[in-house]
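Here is what each chain is made of, one letter per residue.
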Amino acid sequence: MGLNRVLFLEAEDQIKCIYIALRTSMVQDPTQFDVLVMPNLYGDILSDLCAGLIGGLGVTPSGNIGANGVAIFESVHGTAPDIAGLDMANPTALLLSAVMMLRHMGMHDYGKKIETACFDTIRDKKVLTGDLGGKSKCSEFTEEICRRVRDMD
Amino acid sequence: MAASSAVISMSKIIKPIWGGRLATTAKVFGATVSSRREKSTVPPPAKYGGRHTVTLIPGDGIGPELLNHVKELFRFSCVPVDFEVVNVSSATEDDINNAITAIRRNGVALKGNIETLHTLPASHKSRNNLLRTSLDLYANVMHCKSLPGVQTRHNNIDIMIIRENTEGEYSSLEHESVSGVVECLKIITRTNSLRIAEYAFKLAREKGRKRVTAVHKANIMKLGDGLFLQCCREVAAGYPDIAFDAMIVDNTTMQLVSKPQQFDVMVMPNLYGNVVSNVCAGLVGGPGLVPGANYGRDYAVFETATRNTGKSIADRNIANPTAMLLASCMMLDHLKLHDYATMIRNAVLTTMNETRLHTADIGGQGTTSEVVQAIMRNIQSKGPLTSEL
């Protein structure tokens, strides 16, 4: 795949890093990495790998950025039909994706507020959904985040 | 095929001159060449006077120093193996052809990784890749097992990874029909997919494993990976005692870093094999610990699993010799020198797990030579058959 790498000249070093990353460090010491850029397939693999490192698909946000500021933000996880409609899902991934959207639109304050509230709720460990080891419902988790946002104002 | 015709004529010359003495060697030459045509006889390994000859390719980076340690250890343990050293540099074509001829002659090789620079033109193929495709070493086998003496995030990992080694994304077929637009061909064939799946299931059965997981991306590459998956399913039908399932590669990597204990045997095409084997090596402690083997129908080449050159740590006496030493044990098992293999393997694992003498990559302070010396002391304490320390 030498020719492909020659084209991605700026990303060449990053690709080297990814190969090194995959070989040793991503699994052993992921903290050494900051920003990674890569072609499509490697991105698919590495983004899921990193999601696994930070706690899974339930907490991983993402954004798809196009030209002229066109962007779609979405969570990385799928439709989860087995828990749909049961008030059990973890809204963190979609919520953090919304925060990314707010930042993209320039509404940094709102984004920061919601993100802080979300992280504080998870850190406190009192109100957590099933996938994070808690027993609360999705609505209860969301209500807790809303309460923290209200308290911030 | 110039090399093989030279070999035929050499054997014709040798036979009458040396008569019976070198007849075995000439027979090896003859058998190796004719197997291409007959396709029924597997050449015997190069063995003369009870001593095996193995091709040794030092490679770049840490390869030469680690292979020197292997030679040292073998000499110390009186292992009946002679090494035929073939140096391969990225510069010329001749070197790699010499190496391939040597491996064809001896049947078995132990190698370090040969560096492939990104900056070289596309026409320059990776030497390692060339070796694998020329010798048709279609199965890359890696066994990742948690070692009790090494601290890792996850424990109780025991995964066998079988990676298709000759086609897929590493077919080196790229073209740039329009400037700035490159197309790279990923080749998946029914023959090779069936072959690798057959190998995986056979190995799983031999080792008493319960489940084989095929790793793919058939939802996107419907024809390519779809074919691979279909071939795996067909082969699985012939092994009802072994469970078979399939998992998409991105989900696989995620599961590997969160719950690696769920995997047993995994089979996959070339690129996913590269990714998954490196992730698994990281899970059990790093690239310095895991050996790898490349098997073909006629030849076998042993090396470290993650195929790093380790340029940054070369010649500093800090590289971890475990992977290369365990690879040499796999080679000894392949040559049916099981006693020697077990002796060296036990010594390596004892030094790793009980003595806990570790190199820097797994958090210790030992140098490569200290570790090797400790292994040799361990071997000496176990039995009489050693030379001077």
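It should be emphasised that the depicted structure is a prediction, and the values quoted were computed from it without experimental measurement.

Definitions and cut-offs
Residues numbered from 1 in each chain as written. Chains lettered and ligands numbered in written order. Predicted model: local features only at pLDDT ≥ 70, side-chain atom pairs only at ≥ 80, totals over all residues. Heavy atoms only, no water. Helix = DSSP H or I, 4+ residues; strand = E, 2+ residues; numbered from the N terminus. Buried < 20%, exposed > 50% of the residue type's maximum accessible area, 1.4 Å probe, protein only. Areas by Shrake-Rupley, 256 points an atom, 1.4 Å probe, with all protein chains shown as cover. Phe/Tyr/Trp six-rings, centres within 6.5 Å; stacked < 30°, edge-to-face > 60°. Lys NZ or Arg CZ within 6 Å of the ring centre and 35° of its normal. Core = buried A, V, L, I, M, F, W, Y, C linked by side-chain atoms within 4.5 Å. Contact = heavy atoms within 4.5 Å. Pairing = 2+ DSSP bridges. Right-handed = clockwise from strand over helix to strand, strands pointing away.

For chain B, the helix and strand inventory stands at twelve helices and 13 strands. A buried classification covers 54% of the 389 residues belonging to chain B. When the accessible area of chain B is evaluated, it comes to approximately 16900 Å², of which 55% is carbon and sulfur surface.

So, on to the packing of aromatic side chains. Residue and element names in this part refer to chain B. One pass over the structure, following the stated rule, counts six aromatic pairs over all chains. Through pairs of rings, three or more aromatic residues link up here, namely Tyr138, Tyr199, Tyr295 and Phe302. Positioned above the aromatic ring of Tyr170, the side-chain terminus of Arg163 is 5.3 Å from the ring centre.

All names here are of chain B. Formed by 64 residues in total, the largest nonpolar core has its most connected members in Val81, Leu110, Phe302 and Met331. The element that contributes the greatest number of residues to this core is helix α10 (residues 322–334), accounting for eight residues. In contact with Met331, not counting residues within four places along its chain, are Val54, Phe74, Val81, Phe83, Val108, Leu110 and Phe302. Counting 33 residues, the second largest nonpolar core, distinct from the first, contains Cys144, Tyr272, Val276 and Met352.

Residues and elements named next belong to chain B. Burial analysis of strand β2 (residues 51–57) places five of its seven residues in the buried class, the great majority of the element. In this sheet, β2 lies alongside strand β1 (residues 47–48) in antiparallel orientation, the contact comprising two bridges. When the sheet's bridge partners are listed, Lys47 is paired in β2 with His52. Strand direction decides the pairing type here: β2 and strand β3 (residues 81–85), joined by five bridges, are parallel. Its bridge partner being in β3, Thr55 is matched across the sheet by Glu84. Crossover handedness for the path β2 to helix α3 (residues 63–76) to β3: right-handed. Bridging between β2 and strand β4 (residues 108–111) involves three bridges; their strand directions are parallel. Its bridge partner being in β4, Leu56 is matched across the sheet by Leu110.

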